[in-house]
Amino acid sequence: EEMLSEVYYKIGSIQWRKGFYNEGMSSYTKSLEILKNIYGNSHPKTTKVLNQMARLLTVNSRSSEAYEVVQRVIQILKRNNENNHIELAKAYDNLAWIYREQLKYKEALESLEKSIEIKEKYQGEDKLSELGFSMNRLARIYYLLTDFDKAQALYDKVAEYYLQYYGEGHPV
């Protein structure tokens, strides 16, 4: 059944990318329900799907719902002592984007700094891509705050990470 959950997750991602947001959310919901049936409501394995659902909600200007989902992810992972889990870092990324949409830049900076702290400890093969993602968002916040020196320094670091991870000529 876990494989079926992964298939629904991938279908949801494709539907989202194609602009079919409601269908994407429906597929993510199916994926989540399967995982909850296998592991229960508060298992870390559910957090990958919940994070995607939060991102989709944020993109659709449903930030209050997204905020609740992100808080659930954080609660699940902290309750299970998963303080350095990559999904916790992604939850902080999502939280930062919600704050950015609400023009709460200080809170966005704090969330991104938490995400980066976790990602710096992360040992996955996509570590540089993950760090680049969060630092890119951090640079954007500094840009919005007109702290252009910090923004540029971060963008330079992001470019360095992406070049290391993807190589020259990759259409990142």
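Every chain's residues receive numbers from 1 upward, in the order its sequence appears when written. Note on the predicted model: pLDDT of at least 70 is required for a residue's local features to be given, and 80 or more for side-chain atom pairs to be given and counted; whole-chain, interface and lining totals, by contrast, use all residues. Hydrogens and water are ignored here; the side-chain numbers use all heavy atoms of the structure.

(A) Geometry of helix α8 (residues 148-166). Taking 1.5 Å of rise per residue, 19 residues should cover 27 Å, and α8 covers 26 Å from first to last C-alpha, within 8% of that figure. Any pair of residues with heavy atoms lying within 4.5 Å of one another is described as a contacting pair. Where helices and strands are cited, they refer to DSSP runs of H or I of at least four residues and of E of at least two residues respectively, numbered from the N terminus. Looking at the buried residues of α8, the elements they touch are α7 (127-144). Positive backbone phi, at 90°, marks Gly167, one or two positions downstream of α8. A helix is expected to span 1.5 Å multiplied by its residue count minus one.

(B) Representation of the packing of helix α4 (residues 63-79) against helix α5 (residues 86-101) in the model. Between α4 and α5, the shortest axis-to-axis distance is 9 Å and the interhelical angle comes to 155°. Put simply, α4 runs roughly antiparallel to α5. The chirality of how α4 crosses α5 is left-handed. Along its contact with α4, which presents Ser63, Ala66, Tyr67, Val70, Gln71, Val73, Ile74, Leu77 and Lys78, the element α5 presents Glu87, Leu88, Ala91, Tyr92, Asn94, Leu95, Ile98 and Tyr99. Considered class by class, the residues forming the contact of α4 with α5 number 12 nonpolar, three polar and two charged. Every axis corresponds to a line fitted to the C-alpha atoms, with the helix fit spanning only the stretch in contact, and the corresponding angles, defined between N-to-C directions, vary from 0 to 180 degrees. We call two directions roughly parallel when the angle between them is under 35 degrees, roughly antiparallel when it is over 145, roughly perpendicular when it lies between 65 and 115, and oblique otherwise. In this scheme the handedness of a crossing depends on how the near helix is turned from the far one: anticlockwise by less than a right angle means left-handed, clockwise means right-handed. Side-chain classes follow a simple rule in which Ala, Val, Leu, Ile, Met, Phe, Trp, Tyr, Cys and Pro form the nonpolar group, Asp, Glu, Lys and Arg form the charged group, and the remainder, Gly included, forms the polar group.

(C) The arrangement of the layout of surface pockets in detail. Taken as a whole, the largest pocket spans an internal volume of roughly 290 Å³. In this analysis, the protein atoms alone were mapped onto a 1 Å grid. Cavities are point sets where a 1.4 Å probe fits without being able to get out; pockets are open sets with protein on both sides within 12 Å along at least five of seven lines; lining residues have an atom within 4 Å of a point. Taken together, 14 residues make up the lining of the largest pocket; nearest its centre are Gln52, Arg55, Lys90, Glu130 and Phe133. Among the secondary structure elements, those contributing two or more residues to the lining of the largest pocket are α1 (2-17), α3 (47-59), α5 and α7. Looking at side-chain class alone, the lining of the largest pocket contains two nonpolar, five polar and seven charged residues. Grid points are joined across faces, edges and corners, and a volume is the space filled by probe spheres set on the points.

Everything listed here is a matter of geometry and, on its own, says nothing about what the molecule does.
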